[in-house]
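Given next are the chains, with one letter for each unit.
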Amino acid sequence: MRQAKRSLTSTANPMHCENLVMVIIRIKNLCHRFENGHWGLKNINLDVAVGEFVVLAGANGSGKTTLLRHLNGLLLPTDGSVTVDGKEVQNNILQVRQMVGMVFQNADSQIVGETVYDDVAFGPENLGWPREEIVKKVTTSLQQVDLAHLQHQRPHLLSGGEKRRLAIAGILVMNPKIIALDEPFSNLDYNGVKQVLQSIIGLHEMGHTIILATHDLEKVVAHADRLIFIDKGQIARDGAPEMIIKESEAYGVREPCASRLGERLSSWLN
Ligand SMILES: Nc1ncnc2c1ncn2[C@@H]1O[C@H](COP(=O)(O)OP(=O)(O)O)[C@@H](O)[C@H]1O
Ligand SMILES: [Mg+2]
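Every chain's residues receive numbers from 1 upward, in the order its sequence appears when written. Chains carry letters from A onward and ligands carry numbers from 1 onward, assigned in written order. Residues qualify for local features only when their pLDDT is at least 70, as the model is predicted, and side-chain atom pairs are given and counted only at 80 or more; totals for whole chains, interfaces and linings, by contrast, use all residues.

## Here we look at the sheet that holds strand β2 (residues 39-49)
Turning to step 1, where the next piece is worked out: Here a strand pair is declared whenever DSSP counts at least two bridges between the two strands. Where helices and strands are cited, they refer to DSSP runs of H or I of at least four residues and of E of at least two residues respectively, numbered from the N terminus. Reading across the sheet, the four strands line up as β2-β1-β4-β5 and stay open at both edges, with antiparallel pairing between neighbours. Taken across any chain shown, the strands that pair with only one partner, and hence form the sheet edges, are β2 and β5 (87-88).
Turning to step 2, where the next piece is worked out: Note: strand β1 (residues 23-33) against β2, seven bridges, orientation antiparallel. Paired with L30 across the two strands is I44, which belongs to β2.

## What about the environment of L172?
Turning to step 1, where the next piece is worked out: Relative to the helices and strands, L172 resides in helix α5 (residues 160-172).
Turning to step 2, where the next piece is worked out: The sequence separation of L172 and V138 amounts to 34 residues, and the corresponding C-alpha distance is 8.8 Å.
Turning to step 3, where the next piece is worked out: If we skip the residues at most four places from it in the chain, L172 touches G101, S141, Q144 and L203. We call two residues in contact whenever the C-beta atoms placed from their backbones are within 7 Å.

## Quick word on the environment of I25
Turning to step 1, where the next piece is worked out: Residue position: I25 is located in strand β1.
Turning to step 2, where the next piece is worked out: A residue is called partly exposed when the number of other C-beta atoms within 10 Å of its own lies between 12 and 20, exposed at 12 or fewer, and buried at 20 or more, with C-beta atoms placed from the backbone. When the 26 C-beta atoms within 10 Å are taken as the criterion, I25 is described as buried.
Turning to step 3, where the next piece is worked out: I25 sits 34 residues away from A59 along the chain, and the two C-alpha atoms are 23 Å apart.

## Remarks on the sheet that holds strand β7 (residues 178-182)
Turning to step 1, where the next piece is worked out: Read across the open sheet, the six strands follow the order β6-β7-β8-β3-β9-β10; overall the sheet is mixed. Looking at strand neighbours, the two that pair on one side only are β6 (100-103) and β10 (234-239), the edges of this open sheet. On average, each strand axis in the sheet is tilted by 20° relative to the strand beside it, whichever way the strands run.
Turning to step 2, where the next piece is worked out: Sheet analysis places β7 next to strand β8 (residues 209-214), joined by five bridges and oriented parallel. Of the residues in β8, the one forming a bridge with L181 is L212.
Turning to step 3, where the next piece is worked out: Helix axes are fitted only over the stretch in contact, all axes being lines through C-alpha atoms; the angle between N-to-C directions runs from 0 to 180 degrees. Against the sheet, α5 makes contact with β6 and β7, and its axis sits at roughly 165° relative to β6, the strand it touches most.

## Considering the nonpolar core
Turning to step 1, where the next piece is worked out: Think of a nonpolar core as buried Ala, Val, Leu, Ile, Met, Phe, Trp, Tyr and Cys residues, each tied to the set through C-beta atoms within 7 Å. Counting residues in hydrophobic clusters, the biggest one holds 71 residues, and the most contacted among them are V55, L56, V84, I178 and I211.
Turning to step 2, where the next piece is worked out: A per-element tally of this core places α5 first, with six residues.
Turning to step 3, where the next piece is worked out: The contacts of I211, once residues within four sequence positions are left out, are V48, V54, L56, L68, L71, I178 and A180.

## Section: the packing of helix α3 (residues 116-126) against α5
Turning to step 1, where the next piece is worked out: In contact at an axis separation of 7 Å, α3 and α5 are set at 35° when each is read in the N-to-C sense. Judged by the twist between their axes, the crossing of α3 over α5 is right-handed. On the side of α3, the interface is formed by V116, D119, V120 and G123, while α5 contributes L166, A169 and G170. Left-handed describes a crossing in which the near helix is turned anticlockwise from the far one by less than a right angle; the clockwise case is right-handed.

## Focus on the site of ligand 1
Turning to step 1, where the next piece is worked out: Ligand 1 sits among F34, N36, H38, G40, G58, N60, G61, S62, G63, K64, T65 and T66.
Turning to step 2, where the next piece is worked out: A per-element tally of the shell around ligand 1 places helix α1 (residues 64-71) first, with three residues.
Turning to step 3, where the next piece is worked out: Three residue categories are used. Nonpolar comprises Ala, Val, Leu, Ile, Met, Phe, Trp, Tyr, Cys and Pro, charged comprises Asp, Glu, Lys and Arg, and polar comprises the others, including Gly. Considered class by class, the residues forming the shell around ligand 1 number one nonpolar, 10 polar and one charged. Nearness between a residue and a molecule or strand is assessed with a C-beta atom placed from the backbone; a distance within 6 Å qualifies.

## Re the packing of α5 against helix α6 (residues 190-205)
Turning to step 1, where the next piece is worked out: Where α5 contacts α6, the two axes come as close as 8 Å, and the packing angle between them is 15°. By the angle between their directions, the pair α5 and α6 is classed as roughly parallel. The way α5 lies across α6 gives a crossing that is right-handed. Residue-level inspection shows G160, G161, R164, R165, I168 and L172 of α5 in contact with α6, the latter providing N191, G192, Q195, V196, S199 and L203.
Turning to step 2, where the next piece is worked out: Residues that form the contact of α5 with α6 fall into these classes: four nonpolar, six polar and two charged. If an angle is under 35 degrees, it is roughly parallel; if it is over 145, roughly antiparallel; if it lies from 65 to 115, roughly perpendicular; otherwise it is oblique.

The following block contains the structure:
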């Protein structure tokens, strides 16, 4: 397990913190009001460092998905700003979408190809990449999520865990710096969770910045550098997992068993 890094605080320099960690996501005073008048997010301030593994936890309806959707411009701020790698999202949507890969909660909605291979090749083909480049990158992406042996399979025949790994491969092929995953373990069995978790850990080790939203900390928190509780559209707590995990239930999130027993957070892969 990686050591937790220092959480970031805002500084004068837009790209650096006092400890010289590069900031890749900067969210300032972000508010989002839906058309029906509901405030989904209220004054979110957040810096994420390059390579950080951030778990965003909160009860259903707390605002996790709404926050993730601001990272690649699927939603735009009612107030405040979201900056990715120095580019304000709302003015640079296409560039930002190449930097932020989003794995949606419903993996089926992301399937576009007739075969596993075609599905992953879809993005690069649309961008007109050279054929050898496509073959190379698609093959590598499938290997990274351990799906290379299923490349000729029809996506709809895959298991839940395989579909989610396919969705990950489909964004990985575009080599995004940031990978945002919305409830990546929902509806998966034990093996499915372990395989998806293994893939996510692999992405982190390769240097991708990971933002993972979940209401279920048990499966992933041992691998996170940083834990953020979101509650009623606001950041309620932000810190090293071992420092704040005991507060989980105040935010409608189940405290992991190990923590309840006073033990160190342990990986689901062990
Ligand atoms: N399109 C929408 N219109 C109005 N309210 C919405 C919309 N999408 C989400 N909400 C509301 O915003 C809040 C946050 O939702 P969401 O971000 O989906 O929460 P979470 O992902 O944490 O479960 C909820 O109260 C939800 O009902
Ligand atoms: Mg959600």
